[in-house]
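Understanding the architecture of this molecule
This is what each chain is made of:
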Amino acid sequence: MYSSNPRQNGFRDQSRSPNGLPAFPSSIHEKKLRHAKASSWTIPIFLPIPGIRNRHLRIIVPNLSLLHHLAISRFGRRRGNIVLFLVCASVVFTVFALTQRFGTEEKQWPAPLFPGEPPTLVFGRDDLQRIWRWEVQSGHYPSSRETCGPIDPPLNPALPPRKVAKIPSRYRPPGAAVSETIGHGPKRVYLDIEARPPKTAYPPRPVPGSVADLDIVMDLCDFSASKYVRDCLEVLRIGGGLDNDNRLRRGNVDAWRYIYLEDGEVGKAVAPVPAPVAFDPVVPSSAPPDPNVGLFKKPRTEWEPSLQLPAPLAHHPYHTLPTTCDPENPRLFHMFWTGPFTDKPYLALLSFLFTQNIRLHLHEETPDANACRPQFWLWINPGPAAAVPNPNALHDMFEQLKGNPWASPFLHPRFKDVISFKMWNTTEQLDGVPEIKDEWRVLKDSLFNSGGHIISVHHEDESSSDSITATPDDAQATGASPKLQSKTSEDEMLNRLGSKSADSYDRLSVILSDMARFVLCHRFGGVYLDADTIFLRDWEELWGWKGAFAYRWSRLEKYNTAVLRMNKGSALGTFLFRTALKNGLDFHPMTVSKYTKDAYLEGLLLRLPDALFDSAWLNTEYYQRDRPPQPYFTEFADFFDTPPQNSAAPQALGFEGFFRGAYSYHFHNFWWKPFDPSRNFPDLGPEFAEGERLARLNNEATLNATHTAQDPLGEKVTDDKRDLDWATVLKRTFEAYIRGERPNMYGEWLQW
């Protein structure tokens, strides 16, 4: 009457009797079997196989009943169900992510469900490829590294011909094509730079027109590749010939030669034939492809219209130029300063005179005939960053410079062709940027945007927004500034004129300088430097590298734009200003890092190792302290207050022992700390005695010793600090050069 049900695999279940009821040898066996099934983490399920009767596919799956029981018993009924759901969702997403990464042709992880920061991209793929192609063809990419831009390799006149290796698809970043440029430029001759007898006391000047191969520098100095700052400085020192007569035997150091000359002309090259698009059977041929697939656009923003760029620039090797200066690549150093002139820009200018090839050791009618002399443009916003215009601002600025003992020496006629003071005018500068001149006024009340943090500055009327500059002191005296009558902390911040202490930091001026550096480099070309920067060597070979660069933010793969090189009117500049306009004109370095990363343009703004410009940064953040460079700073304050255990080094080693090989040093603010507390005045000799006298009278440290101000020869060594700090040693070294007591770092004596 009853027949036993067959098992799923066609055999009779031995645990059941002929009448279908369970049958076990004993109750103990029954209990063990039931407990084993209930406590198993997996259970089998059987799926029918199509076309095969009485056959099923056995699949092992997690025992959800057991998992549900454990979750409820541990977390309760409500929380247990939530935990179980999250676990199941995590398992499903992990399987999906692994499938995307290893089971598809793109080999990419899926996009995050909840990204930390919204995208900033406003340009489509065609425009991004157009930007890449323009920069490469203009000679602004003298690198052999791959590009994340045009699918068809562009012609590169700044790169010598070589074989092009195909990049496997698994190395391509998501959302962008990767290719290598086709070099057709002049060949490179790498130089062995070394001081030769009998002139071995000082290093030789770099060869005019030489170029730094920053690919080699990246390979030997990149923190991401576990390279030490100490080792990088040795490479920079030996490759640049800065070790002069102190070179030690190190074996063959040909791999450390990173400076070259271009030899020959730019060759003719045939444009590559575009690769045919492969047929994709998954996508119907009638369906229009999405050109921006894989790119993430800024939310609630439309794609920018098709980008219109001028014809690419012609790349001219240095030896083919009709003059020593390339008009397309002006050698301009820019620096931005707000408020009264102090010892900070004073030392930056002195270091410029001490290191750069401005040929002050010779009296020449045409100094640029032998080498292109760089110029230093110091942009001054004399009033608070948010102050309104004054008709006499320019006149008042120069009057104050003449009466300022820190600034007046640089108005001397000997420096007139290499140092220029210029008035910063925000409206004039922004109107001079064609990419934003018709639209930036919409954001005039939120110009002070730093990393998304906006400091609102409301203007009374349109006339007050024609310029955001002021006279040195009259801006505060006249009260002609936006809502300055209130005594709230916000209004006090709007009125700050420079940073006088860590508690009264002039945040608005810092934000304004974040924007100013990109404006100046895009309008005029050249290199921008923060005012807390000191030159340490000639930048000749960096001028030869015609690509754009900044440097790394310490351990992070972000930009620090305290040093920024950009080309005048470049496609990269157009991209940055249009992108910034759609993102609130935010030029904070972290935000700029996101602009280029979202657009796959990081290769066009090279992120150099901070060893070149900021050699102490990693040590101050507890990195590489096992093998630090010389000097060893555990915090930036050590530059001003050298620890006693290291205080013998500054006087014993001098300028030559201060991060030798680096191009500059960034001391990170400390605007309120004097370089030389014992002699906090410009000490430049008889040529500038009147300014020194006034500075001494105004120096709080010398007011109690009136004889010092009247009779400098009566100074006693006991009145000086016994162990001089690094900041003091550098200041006195630069001043000794101006006084004619020593040559500059290349053995050249200043001729008045």
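Residues numbered from 1 in each chain as written. Predicted model: local features only at pLDDT ≥ 70, side-chain atom pairs only at ≥ 80, totals over all residues. Heavy atoms only, no water.

**Here's the deal with the sheet that holds strand β7 (residues 259–263)**
The strand order across the open sheet formed by three strands is β5-β7-β6, and the pairing between neighbours is antiparallel. Taken across any chain shown, the strands that pair with only one partner, and hence form the sheet edges, are β5 (187–190) and β6 (211–212). (Pairing = 2+ DSSP bridges. Helix = DSSP H or I, 4+ residues; strand = E, 2+ residues; numbered from the N terminus.)

**Some remarks on the sheet that holds strand β9 (residues 375–381)**
As summarised here, the arrangement of the seven strands in space is β10-β9-β8-β13-β16-β15-β17, forming an open sheet in which the pairing is mixed. Lying at the two open borders of the sheet, with one neighbouring strand each, are β10 (419–423) and β17 (605–608). Ignoring strand direction, the axes of neighbouring strands in this sheet form an average angle of 35°. Relative to strand β16 (residues 556–566), strand β15 (residues 548–553) runs antiparallel, the two sharing four bridges. Within the sheet, the bridge partner assigned to F549 lies in β16 and is R565. Packing against the sheet, helix α15 (residues 589–598) makes contact with β15, β16 and β17, and its axis sits at approximately 100° to β16. (Axes fitted to C-alpha atoms, helices over the stretch in contact; angles between N-to-C directions. Contact = heavy atoms within 4.5 Å.)

**Re the packing of aromatic side chains**
Ring pairs (aromatic) are described by centroid distance and by the angle formed between their planes. The full count for this structure, using the stated rule, is 55 aromatic pairs. Relative to W671, the ring of W337 has its centre 5.6 Å away and its plane inclined at 70°; by these criteria the two rings are edge-to-face. Pair noted here: W337 is in strand β8 (residues 332–338) and W671 is in the loop between β18 (664–666) and α18 (689–698), with a separation of 334 residues, a long-range link. Taking the relative accessible area as the measure of exposure, W337 reaches 9% and is therefore buried. Residue class for W671 comes out buried when judged on its relative accessible area of 18%. For the pair F639 and F675, a centre-to-centre distance of 6.4 Å together with 80° between the ring planes defines the contact as edge-to-face. With F639 in the loop between α16 (617–620) and α17 (649–653) and F675 in the loop between β18 and α18, this residue pair connects regions lying 36 residues apart in the sequence. For F639, a relative accessible area of 0% translates into the label buried. If you follow K344 out to its NZ or CZ, it ends over the ring of F675, 4.6 Å from the centre. (Phe/Tyr/Trp six-rings, centres within 6.5 Å; stacked < 30°, edge-to-face > 60°. Buried < 20%, exposed > 50% of the residue type's maximum accessible area, 1.4 Å probe, protein only. Lys NZ or Arg CZ within 6 Å of the ring centre and 35° of its normal.)

**Considerations on the nonpolar core**
Of all hydrophobic cores here, the largest spans 96 residues; its most connected members are F341, L353, I419, W539, F613, F639 and Y665. If you tally residues by element for this core, the top one is helix α7 (residues 343–355), at eight residues. In this structure, I436, I511, V519 and L581 belong to the second largest nonpolar core, which totals 56 residues. (Core = buried A, V, L, I, M, F, W, Y, C linked by side-chain atoms within 4.5 Å.)

**Observations concerning helix α2 (residues 64–75)**
For α2, spanning 12 residues, the distance from its first C-alpha to its last is 16 Å, which sits close to the expected 16 Å at 1.5 Å a residue. Along α2, the positions that sit buried rather than exposed are L66, A71 and I72. Looking one or two residues past α2, G76 carries a phi angle of roughly 95°, positive in sign. (Expected span 1.5 Å × (residues − 1).)

**A closer look at α15**
Counting buried residues in α15 gives eight out of 10 residues, a clear majority hidden from the surface. Listing the buried residues of α15 in full gives P589, T591, V592, S593, K594, Y595, T596 and D598. On its buried face, α15 is in contact with α12 (507–524), β15, β16, α14 (571–581) and β17. Phi turns positive, to about 55°, at Y600, one or two residues after α15.

**A short note on the pattern of salt bridges**
In a structure, side chains of opposite charge can pair up when their charged atoms sit close to one another. Summed over all chains, the structure comprises 46 salt bridges. R732 serves as the salt-bridge partner of D676, at 2.7 Å between the closest nitrogen and oxygen. Of this pair, D676 sits in the loop between β18 and α18 while R732 sits in helix α20 (residues 726–739); the two residues are 56 residues apart in sequence, bridging distant segments of the chain. Through salt bridges with shared partners, a single ionic network connects D192, E194, R196, D243, R247, D254 and R257. (Salt bridge = Lys/Arg side-chain N within 4 Å of Asp/Glu carboxyl O.)

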